[in-house]
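# Structural features, examined
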Amino acid sequence: MSQIKIRNKILNLPVYFPDATRGVVRSVDSVDLAGCGLEGVLVNTYHLHQFPGDKYIAEFGGVSRFMNFDGVFVSDSGGFQIMSLIYKTGKGKITSEGVKFGNTLLTPEKSIEIQFNLGTDIIIALDYFTDPKANLDEVETSVKITTEWAKRCKQEYEKQIECRKLEEGNRPLFLAVIQGGRNKKMREKSAKELLKIGFDGYGFGGWIIDENGRLDYDISKFNAELTPDSSLRFALGVGKPEDLVKCVGFGYHMFDCVLPTRDARHKRLYVYKTNDLEKILSGQDDFYGFYYLQRAKYLSQNLKNRQIDNFCDCFTCRTYSLPYLSYLVKINETLAFRLATIHNLRFYTRLIGYLRQINC
RNA sequence: CCAGGGGUGGCAGAGUGGACAAUUGCACCAGUCUGUAAAACUGGCGGGUUUAUACCCUACGGAGGUUCGAAUCCUCCCCCCUGGA
């Protein structure tokens, strides 16, 4: 699958979506996003519901109009976000009814309704996320509840389509998320149940990352093989550049990850060490490296003719030298965040470009 | 010239007899970040041996001195700041 049609939009695959959690990819604007070659973003149901409110956004004609960005919009169910907050703070709770944090109770039905209000192109069913270290009991619970919630989400989805009188070609695509932790049997069960309900695509949930930050490729691959090639496969929250390469090989089409944008704000830039396609697509992690912009050596005048990445064509690299960007970082100038974010996002879209070459 | 205050590690600035190789901040060095409560966070930061503990050397303007022991007390010298003549 090298592209899909959603509403009147064509989405090329594979694709990386940066996280515009709150309706903005932090520190860059919609023009910047387009300039980086991005074709879509992922927004967060929970955050946008909290503020400014999904009904508020609906008044604008949806989040795409609100942001004034023309790409494909994915909305996450909000469940992961709330559960992550629950795990971090110890507050809030998860019941079979839904997830609750503060005054917000997010039920499967509510999550879908909010996503319809946001007007996103790809929506995701509320799922029950477990920590990768979860024991079998917890994994079983997560699979069971994820299945129940998926059914309720599907019902609500159909109800929304009917209420809004959406034609077949004008409905958002609907994805569910496979859980099951590290347990292949549970993954299999989760996938089977979700397939029975029927979705346009299936997510790889609960990113299985070990203590060294390595994605479990075995489970990732196994998870992909549980769903048919005709359906979309979304590796949620994935990942590092080499993970994208690997996962495209496993059959995933969609990715979203905060790493490039957060890293940019934390002064870490992604830099290709080579433009040798074979090396980049080998699945090893040695085709790129990092520039830690806080390092004083990047201020050196000897680098005045040097851009960040000699292989890069991003706005930042085309326009400014490495010492100037480094200088902006040193004086804590907010422009540095924008320029760094643009560069890292372009790194990712270039990687996607390389991956599409082998995909078609 | 008189009176008062002060000179501490790259910088700022604590410490005023042993717990001081010296609090803290900045800078510097090395990192972390994965469906974003993060422009956040972690570690290092005189030199040497050591796995850690530990030990040795050099260091709080300079030179001497008191003391078991001094960045801290005393003497002299140099320099800076403030007020006065």
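Residues numbered from 1 in each chain as written. Chains lettered and ligands numbered in written order. Predicted model: local features only at pLDDT ≥ 70, side-chain atom pairs only at ≥ 80, totals over all residues.

Across its full length, chain A carries 15 helices and 15 strands. By the burial criterion, 48% of the 360 residues in chain A qualify as buried. Sequence separation of 24 or more characterises 69% of the internal contacts of chain A that already satisfy a separation of 6 or more. (Helix = DSSP H or I, 4+ residues; strand = E, 2+ residues; numbered from the N terminus. Buried ≥ 20, exposed ≤ 12 C-beta atoms within 10 Å, placed from the backbone. Contact = placed C-beta atoms within 7 Å.)

Let's shift gears to the pairing of strand 2 (residues 9-12). Sheet topology places strand 1 (residues 3-6) next to strand 2; 4 bridges connect them, and they run antiparallel. By the bridge assignment, I4 is partnered in strand 2 with L11. Connecting the antiparallel pair strand 1 and strand 2 is a turn made up of 2 residues, with R7 showing a positive phi of about 50°. (Pairing = 2+ DSSP bridges.)

Turning our eyes to something else, we now look at the domain arrangement of chain A. Assigned domains of chain A: these are domain 1 (3-257) and domain 2 (263-359). A separation of 28 Å is found between the C-alpha centroids of domain 1 and domain 2. Domain 1 puts 21 residues into the contact, and the matching count from domain 2 is 22 residues. Elements that contribute at least two residues to the side of domain 1 that touches domain 2 include exactly strand 3 (15-17), helix 1 (30-35) and helix 10 (241-250). With 7 residues, the single largest contributor to the side of domain 1 that touches domain 2 is helix 10. (Domains from an automatic or database assignment.)

This paragraph deals with the environment of V25. Inspection of the secondary structure assignment puts V25 in the loop between strand 3 and helix 1. C-beta crowding within 10 Å serves as the criterion here: with 28 such atoms nearby, V25 is assigned to the buried category. With 66 residues separating them along the chain, V25 and K91 place their C-alpha atoms 27 Å apart. The contacts of V25, once residues within four sequence positions are left out, are P18, D19, A20, L33, V41 and T261.

As a further point, take the packing of helix 6 (residues 108-118) against helix 7 (residues 136-163). Following both chains from N to C, one finds helix 6 and helix 7 inclined at 40°, their axes separated by 8 Å at the closest point. As judged from the angle between their axes, helix 6 and helix 7 are oblique. Along this stretch, helix 6 crosses helix 7, giving a crossing that reads as right-handed. Where helix 6 approaches helix 7, its residues P108, E109, S111, I112, E113 and F116 are matched on the opposing element by W149, R152, C153, E156, Y157 and Q160. Its residues assigned to classes, the contact of helix 6 with helix 7 comprises 6 nonpolar, 2 polar and 4 charged. (Axes fitted to C-alpha atoms, helices over the stretch in contact; angles between N-to-C directions. Parallel < 35°, antiparallel > 145°, perpendicular 65-115°, else oblique. Left-handed = near helix turned anticlockwise from the far one by under 90°. Nonpolar A, V, L, I, M, F, W, Y, C, P; charged D, E, K, R; others polar.)

What follows deals with the protein's contact with RNA strand B. Surrounding RNA strand B, one finds 50 residues, the nearest of these being D19, G213, G237, G239 and V258. Taken together, the elements giving at least two residues each to the surface near RNA strand B come down to strand 4 (40-44), helix 5 (79-89) and helix 11 (259-265). Looking at the surface near RNA strand B element by element, the count peaks at 7 residues for helix 5. (Near = placed C-beta within 6 Å.)

An order of 6-7-8 is seen for the 3 strands of this open sheet, with the pairing classed as antiparallel. The sheet terminates laterally at strand 6 (93-94) and strand 8 (104-106), the two strands that pair on one side only. As defined by bridge partners, strand 6 adjoins strand 7 (residues 99-101) across 2 bridges and the pair is classed as antiparallel. Note on strand 7: the bridge partner recorded for I94 is V99. Relative to the sheet, helix 5 contacts strand 6, strand 7 and strand 8, its axis offset from that of strand 7 by approximately 55°.

Take the nonpolar core next. Core analysis: the largest hydrophobic core is formed by 100 residues, its most contacted members being V41, A125, L175, L244 and F255. Here this core gathers at least three residues from each of two domains, domain 1 (3-257) and domain 2 (263-359). In this structure, A125 is in contact with S77, P108, W149, A150, C153, L175, A176 and V177, ignoring residues within four places of it in sequence. (Core = buried A, V, L, I, M, F, W, Y, C linked by C-beta atoms within 7 Å.)

With that settled, consider the sheet that holds strand 11 (residues 201-204). Pairing is parallel in the open sheet, where 8 strands are placed in the order 3-13-12-11-10-9-5-4. Both edges of this open sheet fall to strand 3 and strand 4, since each of them pairs with a single strand only. Recorded for the sheet is a direction-independent mean angle of 25° between the axes of neighbouring strands. Pairing of strand 3 with strand 13 (residues 254-256), which is carried by 3 bridges, proceeds in the parallel orientation. Looking at the pairing, F17 lines up with D256 of strand 13.

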